[in-house]
Each structure stands twice: as structure tokens, then as C-alpha cells.
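Commentary on secondary and tertiary structure
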Amino acid sequence: MALKKDQVIVWFSLTEKGDQKQLFLLACPYSRLKDVDNRLQAAASRKVKGSRLEHLDPALLEEAAVPFVQDYLDTIFRIADLCGFGITYPIKASQLEQKALNLASSFLKEQYPGCEFLIRYDERKARASLVSSWMRKTQLPAQMDPTDLSTSVGLQSARLLGALSKDSSDARISSLYEKVHLQSLMARKWKLLKARDIYLDLVERKARESVQTLFERIPELVDEGQFEKWLKKKVTPAFLAKAADLAADPDLRELILTSAPNRLEAQYETLKANQKQAELPFPQEDFDTFANGYANHFVSLLDPARCGIEQEDWKSKSKQLLMDWVEQPEKTGRMKDTIYLMCKDKTLHLLQTSLAECLAADLEADKEIPCGTWQYTEMPVHQLDDFLERISQSHPIPKLYVKGWLNNRIRKWSIENNRFLPLYELERSHEQMLDRFTTPARTFVYPPVAKKEGTRWFSPEVEEALDVEDYEFLATHPLNAQETRLLASCLAAGLSRNKAGQYLARSKAPFYGLVRTYLFSSKVQRFLDRRKFVAEQTMLLKPNLSLAAMKRIHGMVMNGIPVDWLNTNLAGGMSLSAMDRMELQYPYGVLPYSWQFFSRMPESLQQWLLAKAKLANPHSNEAALQIQLDCLNENFAVLLMQNDKRKEAEK
């Protein structure tokens, strides 16, 4: 291409790095091109102590090459015939890009008034259509000259300067950026722009102070392209003022970065109210009342000298558990359904909830109960079997609170169908709670089916050995779950129903006496006969425990570990090494049912925690947070023990 002496060569570099574009224009008069080109080539190939700059690719820049790049930049800045313009901006920022290209054109016209330009660019990096459109829209008198990057030291230098046009957390880039930035401040021929400054020119004058505040508090608005999206939505100065106000709270940074303007504006009043509420002092007195209940309960159960936990330790653990919930409200422990079932006039009245303790406490206090935490329905008695079939297939199986003939009816169905159902006594307070609900739901939403065969009472071997009369016999005697399973094993092993019935009629006789000869060897029987505590003796009736395991368990009882904790954490067939590990984790592990304790969280403490959680998790729904907080309250005693178990394991 024939060139004129009054033409200006412009090396146009546009490179994408991550989610950013690096634009840099390096220009010099054509009349000085040969001299400039030679000086750049010489600087790039200069050797120092046997080493030299291997390339000008910033993507391959190594720590050892930084001093050579600094020397190369010094050479560029000493060439009086060169000038440069650079900016880094987000990839998806069309308005910002257009404004930057307009300013680049104005810069060239200002530096070389009345001149014609030859734009050299790498077609693999910058589209020809973008370059031609830029020239046309800005009326830049120029021609296009596609150039191979690998053969053009000018284009390589422009690419290098583009990579250094914005500060970086990379120490290598940061030190070189300072040199380029300082040059742009000292010389009019070198200009580095910041994307945020261009955005300030794109908004109304009365909104600039708010935008400036936003960029200072949340620089990612520019870097991640969110502010560009706002401009496309034609945001108002009023919205920008509200956003700047919210940006003062670091906890709302993520919300501002990810929310659409209309949603953020709609949430403004709520967020400000939450901020004001969160500024309230921590309700120490109510927290003390709440935490002391749990602390006193566990101190009464556990020997502080053995477990090393005093009352103040429990209070400290309680507060930490609450603070952890604020950051991660989904960590509330497992929700387990409870069903209260009562029969009136051949109609079953059924209340299901996953927050039984909170529901009862709130009803007692005449509080409004959120609909998402319970369901109440009514059904004819003849639908009971179908209801039990569906419930028995869920996991975990809900607790069923029933009484009287209904208890016997459900227990009979449960055993005869080999479907285990946990039954509890329906108390007067539960009946009063059921009476509070008057409008039944049209359909009952069952828990999801986990296993179609349900949780079985008996092992396949025992089930195969039992006949229909055995099941009927088991269903007629009010035994607990462990006793029912042991008796079934004895019937399967040859115990007659007649003999079992006679023995069970003597209510004062320990249950162990009935099963000893059918389930245990003579050595095990002699060992169990010497156990004086019925609770310990009953615990040792777990299936598949060897005599050595029984002796190991007895040693733990003699060492002061409570029987109910051992009974809950022991499993049938557990090895001696597993028992050693179990003993080391006492008093943590699975919380025995008899140890569980509930205290309703005071209202002031609930409101303080909810306000803090809303700020820490701005996308969370307020009603969902309340349910999660209630679930935390429901499982608080269990979580205290689990929390310690996890922390002890980390030590």
C-alpha cells in the first residue's frame, strides 16, 4: 500500500482477557516509522548480562522478564514521535465500548490535526467490521491495513501496553502498570482512561455523585458489567441514589451486584427497615434466658468434670450456633414430621407438622402460625389403612401420636404388615391443639415415598418363620419396639405362644427372663444374670453382640457413661474398635430422646436473628427464613451436640 509522508500509522490492538477487553492505540507519523520501528526492534532484542526479552506477549510474562519489560517501556516513552491511548473495559459493555472508541478517535485527531490515518490491526483479534464502523461513525479519515501480529513490533507493543492499562492483583502487572499510569499523568501524548470515568460522563449530571459513591464502594459494578446492564434499563437518578445508599452496607454488596434495578428498587424500603432493625442491640437478657435453659439441662445430665463443659461453655456454644445460622440459615438440622391423629364421630382428624414443639408453643401464646409449617385434614375411618400404607413408605417415618383403640388398631396393622410405625401417646394438650384447627385442607400432602416396602419390624429370617397367629399374638401385647422384636425372634426360635403369654401375664418379671434361653448361649446368660441394673441388662439385648462386646459395654457403664447415651449410640453387631471410637466421642454423638430439651426462642431474639440473616442472605425469602429459624429452634439441643461433635473431630 502506497503511503504518504503526512499519514499517521496507528497500531490498533483489541485483546480479550477473561471478561475484559484491552484496547490500546499506538501511533506515530509515517515519516518517522522506519526510525521508530528500528528503535523498538533494538530495544526488544537488547541483551543484559547474556539475557534478553524473549517476546512481547503479556500472557507469557514471567517474573524474571519484568526488568526487561520496564526497560522496553522506558524506550517507548523516550520516543517523542509515539503517542498512545488505552482503556480496559468489560466484554459485554457496548455503550462503554462505543464511548471509548469515540474518545480514541478524538484523541488521534487532537494529536494529529488534519492528518490521514492508516489503521493497522490484527484480524484475528479485532473484527474488520468493528474497525470500519468506528472509522465511519467518528468520521476518522483513515484506511484499514490488516497486519500480522507476529511480524509487527508496533502491534505487539500496543498489545503489551493494553495489558498494562489497568491495575491488577498480579504483582508483575501491577508494577508495570504504575510506570504506564505515571507516564499518562506526565505527558499529554499518553492517555489512560478508566471505565468508571467514562460511565460518569454517560449519566445525568445530578446522578454523578451517587454513581461515584457506588463505584468507590462496589468497584465490581464496572468490572463485572452490571452497571452497563443498568444503563440499558435506563435507570433514573433516584434509583442510583438508592443504590448508593444501600452500598454503604457491605452485606448488601452481592445483592446489588446480582439484582435487576426494578427488583432492587422494590426492595429498598424493606432493606432499609432491615438495616435499622439490625442496628438494634443484641437482646442479651432474652438470650441469657433462652441459653440458660439449655445450659442448665445439659449440666444436670453431664458431669462437668468428665466432659469438661461448664455452664458458661454451653452458653457460648449456644451463641455460636445462632451466629452460624445467621450466615447459613439452611443449616438447621433435619426436619422430621409429626402427625397427631384423633377420631371423632367416625372421622379421623389429622394434624401434620415438621415443627411440633414450635407449633405447640406458638399456639399456647396465641401467635399466628405460618401456613407452610402444618397441614390439617379430615378423613373417614375406613381410609385409615390406606393412610398408614402411604405413611409407612416415607423416610424418616413421621412420629404418630394416637391413643386408645386407635393406638391398638394402628399397632396391629403395623405388626401384621411388618411395617414399623413409631407410636406415641396422644395427650390432652395435643387434643386441645387439634381442636384449634377447624378448616381442613381438601387433600393431604403425603411425604415422598422412600421405599415401597417400608421400614420393617422384623428381619426376613424372622418374618419367614412367623405365621399369622404369631403376628396376631405380637399385636395383642403392649410391648415397646425392642421387646416386640425380641419376642418375635423367640417365637421364630421355637418359643410357644402359650408359654410366652403366661410369662407376659406376670407383669413384674423382667422381659429378659423370657428371652434368655432362646436367644443367648449359657455363657452370655451367666454374664447377663449378674447385671443388677435392668436398664443395662435391657440395653445388652441388642442383636448380634458378642460376649466380649457386652463386657466392653459393661465397662463403659462402670466408668460412668449413662446407659441411655450408650443405648442410643450403640448398634447391634458393633465391633470392639468401633466401641472404642464411640467411647471417645462421649458426650457427643446422637442425642438420646430422653436428653432432648426444648425452649421457645424469645420473640426479641427471633427478630434480631431474622434481621441479621436477611442482611447476610439478601435473596432469602422472609417467610422461608422464619421457618428455618423455627427449625433451628426445634433442633437446638440436637445441634448443640452435633456441633460439638464436628468441632471435636476437627481438633
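As a starting point, this report considers the structure included with it. Computed from a prediction, not measured in an experiment: that's the story for all the values here.

A closer look at the sheet that holds strand β7 (residues 142-146)
The strand order across the open sheet formed by six strands is β7-β6-β1-β2-β5-β8, and the pairing between neighbours is mixed. Single-partner strands in this sheet number two, and they are β7 and β8 (190-194). This sheet shows a mean twist of 20 degrees between the axes of neighbouring strands, independent of strand direction. Pairing of strand β6 (residues 116-121) with β7, which is carried by five bridges, proceeds in the parallel orientation. The partner of L118 across the bridge, within β7, is Q143. Taken strand by strand, helix α5 (residues 153-163) contacts β1 (7-17), β2 (20-29), β5 (83-90), β6 and β8, and its axis lies near 135 degrees from that of β2.

Comments concerning the packing of aromatic side chains
The description of two aromatic rings rests on the distance between their centres and on the angle between their planes. Per the stated rule, a full pass over the model turns up 28 aromatic pairs. Arranged with centres 5.0 Å apart and planes meeting at 90 degrees, the rings of Y294 and F597 form a pair that is edge-to-face. Residue Y294 is located in helix α14 (residues 284-301), and its partner F597 is located in the loop between α30 (576-585) and α31 (603-616); the two are separated by 303 residues in the primary sequence. Seen from their ring centres, F444 and Y446 are 4.9 Å apart, and the 85 degrees between their planes marks the pair as edge-to-face. Ring-pair connections join several aromatic residues into one group, and the members of that group are Y199, F215, F227, W230 and F239. Across from the ring centre of Y424, 5.6 Å away, lies the NZ or CZ of K399, which sits over that ring.

A closer look at the state of the cysteines
For the structure shown, the criterion picks out zero disulfides. Of the cysteine sulfurs around C358, a residue in no disulfide, the closest is that of C631, at 8.4 Å. Of the residues examined, C358 reaches a relative accessible area of 1% and is grouped as buried. Among the residues examined, C631 registers a relative accessible area of 2% and is labelled buried.

Some words on the packing of α31 against helix α32 (residues 622-634)
Look at α31 against α32: their axes get within 10 Å of each other, and the N-to-C directions meet at 125 degrees. Accordingly, the angle class assigned to the pair α31 and α32 is oblique. Note that α31 runs across α32; the crossing there is right-handed. Here α31 contributes Q606, L609, L610, A613 and K614 to the contact with α32, which in turn contributes E622, L625, Q626, L629 and D630.

Description of the pattern of salt bridges
All told, the structure shown has 31 salt bridges when counted by the stated rule. With its nearest N and O atoms 3.0 Å apart, the salt bridge here joins K179 to D74. One end of the pair, K179, is in helix α6 (residues 171-186); the other, D74, is in helix α2 (residues 66-78), with 105 residues separating them in the sequence. For K179, a relative accessible area of 24% puts it in the partly exposed group. A salt bridge links E463 to R456; the nearest nitrogen and oxygen atoms lie 3.3 Å apart.

A look at a positive patch on the surface
A cluster of like positive charges, contributed by K523, R526, R530 and K551, occupies part of the molecular surface. With respect to the element layout, R526 can be found in helix α26 (residues 522-529). Assessed through its relative accessible area of 47%, R526 is described here as partly exposed.

A short note on the sheet that holds strand β12 (residues 399-402)
Either a parallel or an antiparallel arrangement is found when strands of a sheet pair, and the pairing is made through backbone hydrogen bonds. Overall, mixed pairing links the five strands, which are arranged β11-β10-β9-β12-β13 in an open sheet. Strand pairing shows two members of the sheet lacking a second neighbour, β11 (374-380) and β13 (423-425), which therefore form its edges. Ignoring which end each strand starts from, the neighbouring axes of this sheet average 25 degrees apart. Sheet analysis places strand β9 (residues 338-344) next to strand β10 (residues 347-353), joined by seven bridges and oriented antiparallel. Looking across to β10, one finds that K344 is bridged to T347.

A closer look at helix α23 (residues 481-492)
The terminal C-alpha atoms of α23, which comprises twelve residues, lie 17 Å apart, in line with the 16 Å expected from a rise of 1.5 Å per residue. The secondary structure elements touched by the buried residues of α23 are α19 (404-416), α21 (460-465), α22 (468-476), α24 (497-505) and α25 (512-519). Here α23 starts with a cap whose side-chain oxygen sits 3.2 Å from the backbone nitrogen of Q482, and that cap is N480. One or two steps after α23, the chain reaches G494, where phi turns positive at roughly 120 degrees.

Considering the side chain of K21
Note that K21 resides in strand β2. A distance of 3.0 Å separates a polar atom in the side chain of K21 from a polar atom in the side chain of E97. Contact partners of K21, with chain neighbours within four places excluded, come to L14, T15, E16, I87, T88, Y89, I91 and E97.

Digging into the packing of helix α3 (residues 94-111) against helix α4 (residues 128-137)
Two measures define how a pair of helices packs: the angle their axes make with one another and the distance between the axes. The contact between α3 and α4 brings their axes to 10 Å, and the two run at 65 degrees. Relative to α4, the crossing made by α3 is right-handed. Taken together, the residues of α4 that come into contact with α3 (itself represented by E97, Q98, L101, S105 and L108) are L130, W134 and K137. Grouping the constituent residues of the contact of α3 with α4 by class yields four nonpolar, two polar and two charged.

The rules we used
- Numbering of residues begins from 1 in every chain and follows the order in which that chain's sequence is written.
- Confidence filtering applies because this is a predicted model: local features only for residues at pLDDT of at least 70, side-chain atom pairs given and counted only at 80 or more, and all residues used for totals across whole chains, interfaces and linings.
- Values reported for side chains reflect all heavy atoms of the structure, with hydrogen atoms and water molecules removed beforehand.
- Two strands pair if DSSP finds at least two bridges between them.
- For helices the rule is a DSSP run of H or I covering at least 4 residues; for strands it is a run of E covering at least 2, with both sets numbered from the N terminus onward.
- Note on definitions: angles span 0 to 180 degrees between N-to-C directions of axes, and those axes are lines fitted to C-alpha atoms, for helices only across the stretch in contact.
- Residue contacts are defined here by distance: any two heavy atoms, one from each residue, within 4.5 Å place the two residues in contact.
- The criterion for an aromatic pair is that two Phe, Tyr or Trp rings (for Trp, the six-membered ring) have centres within 6.5 Å, with stacked assigned to planes under 30 degrees apart, edge-to-face to planes over 60 apart and tilted to the rest.
- Charge-over-ring contacts are defined here by two conditions on Lys NZ or Arg CZ: a distance within 6 Å of the ring centre and an angle within 35 degrees of the ring normal.
- We call a pair of cysteine sulfur atoms a disulfide when they lie within 2.5 Å.
- Partly exposed residues are those whose accessible area sits between 20% and 50% of the maximum for their type, while under 20% is buried and over 50% is exposed, using a 1.4 Å probe and protein chains only.
- Working rule for angles: under 35 degrees goes down as roughly parallel, over 145 as roughly antiparallel, 65 to 115 as roughly perpendicular, anything else as oblique.
- For a crossing to be left-handed, the near helix must be turned anticlockwise from the far one by less than a right angle; the clockwise case is right-handed.
- A pair is scored as a salt bridge if a Lys or Arg side-chain nitrogen falls within 4 Å of a carboxyl oxygen belonging to Asp or Glu.
- Note on patches: the residues involved have over 30% relative accessible area and no salt bridge, like charges join within 9 Å, and the nonpolar side chains Val, Leu, Ile, Met, Phe, Trp and Tyr join within 5 Å.
- Throughout, the Shrake-Rupley method with a 1.4 Å probe supplies accessible areas, and for residues the shown protein chains are the sole cover considered.
- We score Asp and Glu as negative and Lys and Arg as positive, and we do not count His or the chain ends.
- Lys charges are placed at NZ, Arg charges at CZ, Asp charges at CG and Glu charges at CD.
- Expected helix span is given by 1.5 Å per residue-to-residue step, counting one fewer step than there are residues.
- Under this definition, polar contacts are N or O atom pairs within 3.5 Å; protein pairs additionally need one hydrogen-donor-capable and one acceptor-capable atom, and for neighbouring residues in sequence, both atoms have to be side-chain atoms.
- All residues other than Ala, Val, Leu, Ile, Met, Phe, Trp, Tyr, Cys, Pro, Asp, Glu, Lys and Arg, Gly among them, are scored as polar; the first ten of these are nonpolar and the last four charged.

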